[in-house]
Amino acid sequence: MHSIEKLDTEAQTQPHVHTAVTEASRHQPAGRHGLGIERTLSRRETPAATRLPTEFKTVSIHVETRTSVDAGKAGTARRVAVKDLISLDWHKISVDEAFQRLGVSPKTGLETVQAQRRLQVNGKNVISPPKSNTLRKVLEWVLGGFGSLLLAASIVCFIAWKPLGEPNPQASNLALAVVLLIVLLIQAIFNAWQDFSTSKVMSSIKGMLPSDVQALRDSHQAKVAAAELVTGDLVYISMGEKIPADLKLLEASGDLQFDRSILTGESEPIVGRLEMTDENFLETRNIALQGTHCIGGSGIGLVIQTGDRTVFGRIAKLSSMEPTRLTTLQREILRFVAIIASLATIVAVIIVILWAAWLRRSFPNYINVPTLLIDVVSVMVAFIPEGLPVAVTLSLAKLANTLSKHKVLCKSLSIVETLGSVNVLCSDKTGTLTQNIMHVENIAIFDSVFEPEELRSRISTSDADVKASLAQVGAVAAICNAAKYDDGPTSNEPVIIGDATDAAALRFSEFMTPVKTTRQAWREVYRMSFNSKRKFMLMVSELSSPSPELIPPLTRWDHLSPSFFLLTVKGAPDVLLSRCSSIVSPKGGTPIPITSAVRDRILAVQERWARGGQRVLLLARRIVNEDEMPKNIDRHSDEFASLVEEWNDDLSIVGLIGLIDPLKPDIKHTVSVCRGAGIRFFIVTGDHPTTAVAIAGHAGIITNTSLVHHVSDLDPDLSDEKLRHLSPESDEHPLKSIVLTGSELIRLNPTQMEQLCKYEEIVFARTTPEQKLRIVNEFKGRGNVVAVTGDGVNDAPSLKAADCGIAMGQGSDVAKEAADMILLEDFSAIVIALEYGRLVFDNLKKTVLYLLPAGSFSELMPIVLNILIGVPQMLSNIQMIIICVATDVLPALSLCLEQPESGLLLRKPRDIKNDRLADWRLLLHAYGFLGVIESLCAMSMSFWYLQRNGVPFSNLALGFGNWPGLDNELYFRAQSVYFFTLVIMQWGNLFATRGRKLSILQHTPASNWYVFPAASMALCIGIFFCYVPWFQKVFQTRPIPVEHFFIPVTFGIAILILDEMRKIVVRKYPKCIIGWLAW
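Residues numbered from 1 in each chain as written. Predicted model: local features only at pLDDT ≥ 70, side-chain atom pairs only at ≥ 80, totals over all residues. Heavy atoms only, no water.

- Going by what an unreviewed UniProt entry lists, the chain is known as Sodium-potassium ATPase and is assigned to Crucibulum laeve.
- Quoted verbatim from the Subcellular location (unreviewed entry) field of UniProt, the annotation for the chain is "Cell membrane". (UniProt positions renumbered as here; feature names shortened; annotations may be inferred.)

This is the structure we're talking about:
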């Protein structure tokens, strides 16, 4: 114990210096170190000199190229970091030396006390966040959005006050400048808060996602948080996992591969080796780098660097932050704002031209330069709905928060906007539609079908030969299996580590004969793990020790040499059957040769099970005697791997097993809702076509499994004219349901592919990752918005390529890394995500529609009339700002909280090319309907007030500053009348805009009580600014007669009634002119 503690202390304090080792020790095989499992074999490493020079670009080249242009302290720091990377020597030293350097026992792993001590000294295994540029952030907060415009407008107002306003500077200009600065400050504070909130949400992603690894601690394989790993930990690597730290490989299966594209940008997989393949730490293949993904095989690695000391951590420090890209919704909002700003600029330029060419000459005392500048500012303030960015940001933040409560994690807000427009959903089957909790339902020995209990009973009561034949399937299921029982001290009941298929096969084998007994008799020599391309797993084994008795799956009719290998294989029947030459007889004795008749009987069993939704696996074996093995061959070499490929033939089938993976309870409802929402729901799976169609039928993805088309129904010579008229509803060529395999997919010509993409229900079976990626791209290329769900490594490319990649919370790290959204619990949460994705777009349209009539059009009209017909400007500049950033904001935000209208998931997905956030229909409704009504009513009320007080409209029209009887007090009160008329009429706009097509009686305000306090607060804010004496003096606001609070209410009710009448026409006659114009 003392020696271990001493080594532990040395491991904590010892610097990473170069260790002088001989060339022999550098290339010395690692040997077996008692890690609890036998080391599987890697292929022989190719000498560095003979490797292709362009095999992959190293990270060091990238870094060195970048440092060449750096200067000063930053350049020095980069050069030091690069030198540090190149000088690492973990890949050069032997495994024994690595164990000694890190003070860890290969048999027991680290003790908990050791690990805790190292964690305290070296810190957690996390990458430190980059330092933030405070000055840059502050500038973004202040000048972001409309900030730069507000600042420029404020400066213009200050200039209009002084010096241009001297000798009689207008206090109102100063007040306007100060108000604009206050608005700018409020926006900056809001932006800062939003930035903080977003950072907080995004930083919580790591906490919400599973980030545990399997490590050897205290002699047991245990689950350890990735952040708690320390140097010296022994980590188990499995396909689909992200490498949690820099590891020195100790064990590697023959097909262990890593995707280093996150570091190098190269997509070519890197094969894991046990020995150094390159002097450069970044190029050698006996090191697994943090942040990369295991995309094939399995292995064990020794943690040599954690956190910021890993290659990934060092490069993160060297790399600058990438600039944030605008999302599609942000670009669309900017497009809308740019249109509005352009219109405002055009109007402002027209006003300046009119002033210079006409007013300045004809009415020289009407508008001076300071007043002109204020008018230009007023046009900008009037045109632009300043409350829109706040509403948009809060709407998205609210949506992300709502989805997180439903265990739907959006990795970026950009995905929110995409959800509402998804019209094609490609779903994986296993683990997504099904529970991924498989069990063996049936076993077939030749074509004799047994249930597990029946097979075990038959074995126990049969004679020796029959028993030997029947017992083989259970033995092969245990040997050719990547799953294993967790023997940790906390296991109260057997827990299996491995994928669902292997776990089911292992439970079946355990039911027949204890797995431990079977596996102890055999030692693993070579493993080829299952993947979606290969579709089978292969294992080469040898006896652990000589035995006088025949150990299953060996039989008396096997011709065994003194030294032999047992090759076992488990996988898809349609892939392996062609490699088999015989099949075990359920009656015992010599296996039966496979003839055409025998093959048909085997396929009949597979087809019958597949139609019932069972996944069918074929288990086979072969004895490889010593005369088939070259002498002195290195079992780690590529030659041995090639030899195994040759041996994987002339197999003897020991049985078929049928596995059932039940559908998740809510899948039928989820599929039904998605299809009702106009989304085509496809299955893309690696399963047999018949099995996939059966599952699709149970889930409601295929309506009628007896009327499913196949590839033969796709006409390769169909004319373009007929192709254009094809659809699922076509009577001549109804394209309803079809199933085809990946191999059939790649043989389709363009005409057939065009036909395929028009089908309503599609099952893609036996697909590879490349074929799944092609499916996504084919549908995207035809204008569809594609979502993809998946949880495995093979799903990652298509998840990344899709418009919306959706990973399962219990899926692989690779899938979650590639996805845009993660369903942490139930797949049914996708319905909520789809609904809220559509809802956010609907609510933003409502928000825009609410803001434009009063916050844009009705503010512009007083300025236009003031210039064109010379009447007083009936709404002051400060009152415009109060409407935009005060009275209208809370009601606009209440619209962001609207609940979905009934029928939201019964209409087709929006067309992203035509259904814009603010299209011409919405602008027509906002300006031509609501805006005109509000402007006319507000203008009439203000002029009526003046007429009642002795100033008729005839005294104002064409007055151009000469307005008999109009004093400042009367003028200010008339402006306040216009202001309150707009504020109160917006109530009618608010309640009318809540529903796009539904009546207020159908979509009642009770579904969103926020609208009532929001509307009340809008009026209270207006009263506050107009009735507080200080604001009356500074902002030139005034109280108004009581009747001007009640008359606008009738106008608001009129707006609501007129819009209700419009909605009735739209609902009853959707194809009429009013229906066509409906927003």
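Let's pick the thread back up.
### What about the overall build of the chain?
Here is step 1: Counting its regular elements, the chain contains 40 helices and 28 strands.
Here is step 2: Accessible surface for the chain amounts to roughly 46500 Å². Of this, 58% is attributable to carbon and sulfur atoms. (Helix = DSSP H or I, 4+ residues; strand = E, 2+ residues; numbered from the N terminus. Areas by Shrake-Rupley, 256 points an atom, 1.4 Å probe, with all protein chains shown as cover.)

### Brief notes about the side chain of K846
Here is step 1: Position of K846 relative to the elements: it lies in helix 32 (residues 829-868).
Here is step 2: On the basis of relative accessibility, which here comes to 1%, the residue K846 falls in the buried class.
Here is step 3: Once residues lying within four places of it in the same chain are set aside, the contact partners of K846 are L895, E901, T993, R994, G995, R996 and W1079. (Buried < 20%, exposed > 50% of the residue type's maximum accessible area, 1.4 Å probe, protein only. Contact = heavy atoms within 4.5 Å.)

### Some details on the sheet that holds strand 5 (residues 257-259)
Here is step 1: Strand order in this open sheet of three strands is 6-5-8, and the pairing throughout is antiparallel. Two strands bound the open sheet, and with one partner strand each, they are strand 6 (270-271) and strand 8 (293-296). (Pairing = 2+ DSSP bridges.)

### Notes on unusual backbone geometry
Here is step 1: Between E166 and the following residue, P167, the backbone shows a cis peptide bond with an omega angle of 15°.
Here is step 2: Secondary-structure assignment places P167 in the loop between helix 8 (147-161) and helix 9 (171-203).
Here is step 3: Residues P552 and P553 are joined by a peptide bond in cis, for which omega reads 15°.
Here is step 4: As for its position among the elements, P553 is in the loop between strand 17 (536-543) and strand 18 (564-571).
Here is step 5: Even without glycine at this site, S219 takes up a positive phi of about 75°.
Here is step 6: Structurally, S219 can be placed in the loop between strand 1 (212-217) and strand 2 (220-225).
Here is step 7: Even without glycine at this site, N632 takes up a positive phi of about 60°.
Here is step 8: By relative accessible area, N632 is classed as exposed at 83%.

### So, the UniProt feature "transmembrane region" (unreviewed entry) in the chain
Here is step 1: The positions UniProt marks with the feature "transmembrane region" (unreviewed entry) are residues 138-161, 173-193, 333-356, 848-871, 918-946, 970-988, 1009-1030 and 1042-1058.
Here is step 2: For residues 848-871, the end-to-end C-alpha separation is 30 Å, with 88% helix and 0% strand making up the annotated structure.

### Considerations on helix 37 (residues 1011-1027)
Here is step 1: Taking 1.5 Å of rise per residue, the 17 residues of helix 37 would be expected to cover 24 Å, and the 24 Å separating its terminal C-alpha atoms lies within 8% of that figure.
Here is step 2: What helix 37 keeps buried is the set V1011, A1014, A1015, A1018, L1019, I1021, G1022, F1025 and C1026. The buried residues of helix 37 occupy one face: seen down the axis, they fall within an arc of 150°.
Here is step 3: On its buried side, helix 37 packs onto helix 33 (877-887), helix 34 (889-896), helix 36 (968-993), helix 38 (1029-1035) and helix 39 (1043-1068). (Expected span 1.5 Å × (residues − 1). Arc of directions from axis to C-beta.)

### A few points about the pairing of strand 23 (residues 680-684)
When a strand is regular, its side chains alternate between the sheet's two faces.
Here is step 1: Counting buried residues in strand 23 gives five out of five residues, a clear majority hidden from the surface.
Here is step 2: Alternating residues of strand 23 divide into R680, F682 and V684 and F681 and I683, and every residue in both groups is buried.
Here is step 3: Here strand 11 (residues 424-427) runs beside strand 23; their pairing, made up of four bridges, is parallel. What sits directly across from V424, in strand 23, is R680.
Here is step 4: Here strand 23 pairs with strand 25 (residues 761-765) via two bridges, running parallel. Pairing of I683 across the sheet is with V763, part of strand 25.

### Re the nonpolar core
Here is step 1: Within the largest apolar cluster, 151 residues are counted, with the highest numbers of intra-cluster contacts made by L180, V379, M821, L823, I830 and L946.
Here is step 2: When residues in this core are grouped by element, the largest group, 19 residues, is from helix 32.
Here is step 3: Judged by nonpolar contacts, the second largest core, of 35 residues, contains F682, L756, V776 and L799. (Core = buried A, V, L, I, M, F, W, Y, C linked by side-chain atoms within 4.5 Å.)

### Description of a nonpolar patch on the surface
Here is step 1: Where nonpolar side chains cluster on the molecular surface, the patch consists of W920, L924, I1073, I1074 and W1076 and spans about 520 Å² of accessible area.
Here is step 2: Listing elements by their share of the nonpolar patch, those giving two or more residues are helix 35 (920-948) and helix 40 (1073-1077).
Here is step 3: Looking at the nonpolar patch, the element that brings in the most residues is helix 40, giving three residues.
Here is step 4: Mapping L924 onto the fold places it in helix 35.
Here is step 5: On the basis of relative accessible area, L924 is assigned to the partly exposed category, the value being 41%. (Patch = residues over 30% accessible without salt bridge, like charges linked within 9 Å, V, L, I, M, F, W, Y side chains within 5 Å. Salt bridge = Lys/Arg side-chain N within 4 Å of Asp/Glu carboxyl O.)

### Some points on the packing of aromatic side chains
We describe a pair of aromatic rings using the distance from one ring centre to the other and the angle between the two ring planes.
Here is step 1: One pass over the full model with this rule turns up 27 aromatic pairs.
Here is step 2: Within the aromatic cluster, the residues linked to one another by ring pairs are W358, F363, Y366, F960 and W963.
Here is step 3: Across from the ring centre of W355, 5.6 Å away, lies the NZ or CZ of R360, which sits over that ring.
Here is step 4: Positioned above the aromatic ring of F511, the side-chain terminus of R456 is 3.8 Å from the ring centre. (Phe/Tyr/Trp six-rings, centres within 6.5 Å; stacked < 30°, edge-to-face > 60°. Lys NZ or Arg CZ within 6 Å of the ring centre and 35° of its normal.)

### A word on the environment of G783
Here is step 1: By the secondary structure assignment, G783 is in the loop between helix 29 (769-781) and strand 26 (786-790).
Here is step 2: Placed 130 residues apart in sequence, G783 and K913 show a C-alpha to C-alpha distance of 9.2 Å.

### What about the sheet that holds strand 2?
Here is step 1: Read from one edge of the open sheet, six strands run 2-1-3-9-4-7, paired in antiparallel fashion. Of all the strands in the sheet, the pair left with one neighbour each is strand 2 and strand 7 (287-288).
Here is step 2: Pairing of strand 1 with strand 3 (residues 234-238) involves three bridges; the strand directions are antiparallel. Bridge pairing links A215 to V235 in strand 3.
Here is step 3: Most of the contacts of helix 5 (residues 95-102) go to strand 9 (residues 298-305), to which it runs at about 45°, and overall it touches strand 3, strand 4 (246-252) and strand 9. (Axes fitted to C-alpha atoms, helices over the stretch in contact; angles between N-to-C directions.)

### So, the pairing of strand 27 (residues 804-808)
Here is step 1: Extensive coverage of strand 27 is indicated by the burial of five of its five residues.
Here is step 2: The alternating pattern of strand 27 places C804, I806 and M808 on one face and G805 and A807 on the opposite face, and all of these are buried.
Here is step 3: Inspection of the sheet shows strand 26 paired to strand 27 by four bridges, in the parallel sense. Within the sheet, the bridge partner assigned to T789 lies in strand 27 and is I806.
Here is step 4: Pairing of strand 27 with strand 28 (residues 821-823) involves three bridges; the strand directions are parallel. Counterpart to M808 in the pairing with strand 28 is L823.

### With respect to the packing of helix 17 (residues 452-461) against helix 18 (residues 464-479)
Here is step 1: Here helix 17 crosses helix 18 at 145°, and the two axes come no closer than 8 Å. Considering how the two elements wind past one another, helix 17 and helix 18 form a crossing that is left-handed. Judged by residue contacts, L455, R458 and I459 of helix 17 engage K467, L470, A471 and V473 from helix 18.
Here is step 2: Considering only residue class, the contact of helix 17 with helix 18 consists of five nonpolar, no polar and two charged. (Left-handed = near helix turned anticlockwise from the far one by under 90°. Nonpolar A, V, L, I, M, F, W, Y, C, P; charged D, E, K, R; others polar.)

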